[in-house]
Amino acid sequence: MTLEDKLREYSAPAELCEKLADGDTRCLACAHKCVIPQGHSGVCKVRFNEDGRLKAPWGYISGCGMDPVEKKPFFHALPGALTLSFGMLGCNFQCSFCQNYLTSQVLRDPGCHIGELEPTTPEKLAAAAHGVGAPIIVSTYNEPLITAEWSTAVFKEARKLGIRGAYVSNGYASPEVLEYIRPHVDLYKVDLKTFSEENYRKVAGGTLGNVLKAIEMIHAKGFWLEIVTLLIPGFNDGAAELESLAGFISGVSKDIPWHITAFYPTYNMTDRGATPPATLLKAREIGVKKGLKYIYTGNIPGQGFEDTNCPSCGKTLVTRRGFRVLNNTIKITKKGQGLCSHCSTPIAGVWK
Ligand code: SF4
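Residues numbered from 1 in each chain as written. Predicted model: local features only at pLDDT ≥ 70, side-chain atom pairs only at ≥ 80, totals over all residues. Heavy atoms only, no water.

Asks: An account of the overall build of the protein is requested, with residue identities and associated values reported.
Replies: Within the protein, the regular secondary structure consists of nine helices and 22 strands. Taking 20 Å as the expected radius of gyration for a compact globule of 352 residues, we find that the protein reaches 20 Å, a close match to that expectation. Projecting the C-alpha coordinates of the protein onto the three principal axes gives extents of approximately 60 × 45 × 35 Å. Among the 352 residues that make up the protein, the fraction classed as buried is 55%. Sequence separation of 24 or more characterises 66% of the internal contacts of the protein that already satisfy a separation of 6 or more. Between the centroid of the 39 positive side chains of the protein and the centroid of its 34 negative side chains there is a distance of 8 Å. (Helix = DSSP H or I, 4+ residues; strand = E, 2+ residues; numbered from the N terminus. Rg over C-alpha atoms; globule rule 2.2 N^0.38 Å. Buried < 20%, exposed > 50% of the residue type's maximum accessible area, 1.4 Å probe, protein only. Contact = heavy atoms within 4.5 Å. Lys, Arg positive; Asp, Glu negative; His and termini not counted. Charge placed at Lys NZ, Arg CZ, Asp CG, Glu CD.)

Asks: Lay out the side chain of N236 in plain terms, naming residues and giving numbers.
Replies: Topologically, N236 is positioned in the loop between β14 (224–231) and α8 (239–252). A distance of 2.9 Å separates a polar atom in the side chain of N236 from the backbone oxygen of K193. A polar atom in the side chain of N236 sits 2.7 Å from the backbone nitrogen of I232. (Polar contact = N/O pair within 3.5 Å; in protein donor to acceptor, adjacent residues only side chain to side chain.)

Asks: Describe the site of the ligand, and please don't skip the residues or the numbers.
Replies: If you check the shell around the ligand, you find 13 residues, and the closest are C27, C30, K33, C34 and C44. Taking a 2 Å distance to the grid points as the criterion, the majority of the atoms of the ligand fall inside the largest cavity. Its residues assigned to classes, the shell around the ligand comprises eight nonpolar, three polar and two charged. (Near = heavy atom within 4 Å. 1 Å grid on protein atoms, 1.4 Å probe; cavity = no way out; pocket = protein on both sides within 12 Å on 5 of 7 lines; lining within 4 Å. Sits in = over half its atoms within 2 Å of the grid points. Nonpolar A, V, L, I, M, F, W, Y, C, P; charged D, E, K, R; others polar.)

Asks: I'd like a description of the layout of surface pockets, backed by residues and values.
Replies: Using a probe with the size of a water molecule, rolled over the atoms, empty space left in the structure can be pinpointed. When its volume is computed, the largest pocket comes out at roughly 1,100 Å³. As for the largest pocket, its lining consists of 43 residues, of which K72, Q99, N100, K189 and D191 are closest to the centre. Along the lines of polarity and charge, the residues of the lining of the largest pocket split into 18 nonpolar, 16 polar and nine charged. When its volume is computed, the second largest pocket comes out at roughly 160 Å³. As for the second largest pocket, its lining consists of 13 residues, and the residues nearest its centre are R284, K293, Y294, I295 and N309. Of all the secondary-structure elements, those providing two or more residues to the lining of the second largest pocket are α9 (277–289) and β16 (295–296). Residue composition of the lining of the second largest pocket, grouped by class: eight nonpolar, two polar and three charged. (Points joined across faces, edges and corners; volume = space filled by probe spheres on them.)

Asks: Quick rundown of the domain arrangement of the protein? Include the residues and the values.
Replies: You can read the domains of the protein as domain 1 (3–57), domain 2 (66–305) and domain 3 (307–352). For domain 2 and domain 3, the distance between their C-alpha centres works out to 22 Å. Facing the 18 residues of domain 2 at the interface are 16 residues of domain 3. Of the roughly 1,500 Å² buried between domain 2 and domain 3 on both sides combined, carbon and sulfur atoms contribute 63%. By the criterion of area lost to domain 3, the three top residues of domain 2 are H76, P79 and Y294, representing 30% of everything that side buries. (Domains from an automatic or database assignment. Buried area = accessible area lost by both parts, 1.4 Å probe.)

Asks: A description of helix α3 (residues 122–131) should follow, citing residues and the corresponding values.
Replies: Where α3 is concerned, the buried positions are P122, L125, A126 and A129. For α3, the buried positions fall inside an angular range of 95° around the axis, keeping them on one side. When the buried face of α3 is taken as reference, the exposed residues oriented beyond 90 degrees from it are K124 and G131. As for α3, its buried residues are in contact with β7 (60–61), β8 (63–68), β9 (82–87), β11 (136–139) and α4 (148–160). At the exit of α3 stands G133, carrying a positive phi of roughly 75°. (Arc of directions from axis to C-beta.)

Pasting the structure below:
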């Protein structure tokens, strides 16, 4: 039995879909919007058409872990909070530099091996998060959009226990999936991988335009949004590209935190070295020039670019070392708004 066959045992009728003529279905869970004939699966290989009905992943996890929220990374959402993260299998992209390729690419790449899948229920996952005192539960490790019905069921249970839902995603979202998950997801992290249409098509198998549209929608719909760009030498680290990328984020909102992280050779991208710290600093300067208020370069310890500073008075409000929060002086109003403890400037984020 292939893994794809085995996964079909862990499935349930999909909600994000529409029926077409001749038993075909259109999946609406991501911007690919695959039209899937009977007996076939979509680009992600985990959503499939069985007798004219679309089926979606359900009832298992491939991994589960507890991390500080900073590791996701969210820096403007309950600093220092513990999260419970879970993942399934598969992805709608096929990035050669994927850091989670063992789970994301296992359906395409026979070189990827995983352990046993763990059967579970939304109630059990929510109870596990509650049991360890995690105020946030995160769908991550593989692309959450392709398993949106499952994570929504988990988040619904978690919400009953006062726990917030979060997505760690490539942002290749359709308008329909964002509408569907919005009541249950508070925090949304998008990997904006490059600002080159050609690179998005070649390396990820998607389009830049769809990711940009999704970022605009995620912000407009009121998810708390943070953006990450993995800076890869010779791929996305040109000044002109970074200016366009930072300019785009700034145009959506200068309050969106931008995390610039260093690449290390991995998976199928081993033809280049790690990102030099100078490249991260250059990108940071570009972001500052474009007016972004919160830019983080977490991989340069001791530089202070992992701290949250007030954009008005410049004082440090949250001090971090790696993923640890050493100090947090953000004032929180009764309505949950964050303020600088020195000059009372509003600090965007989810603080309460
Ligand atoms: S989630 Fe995306 S890739 Fe998968 S079947 Fe649906 S539209 Fe296609």
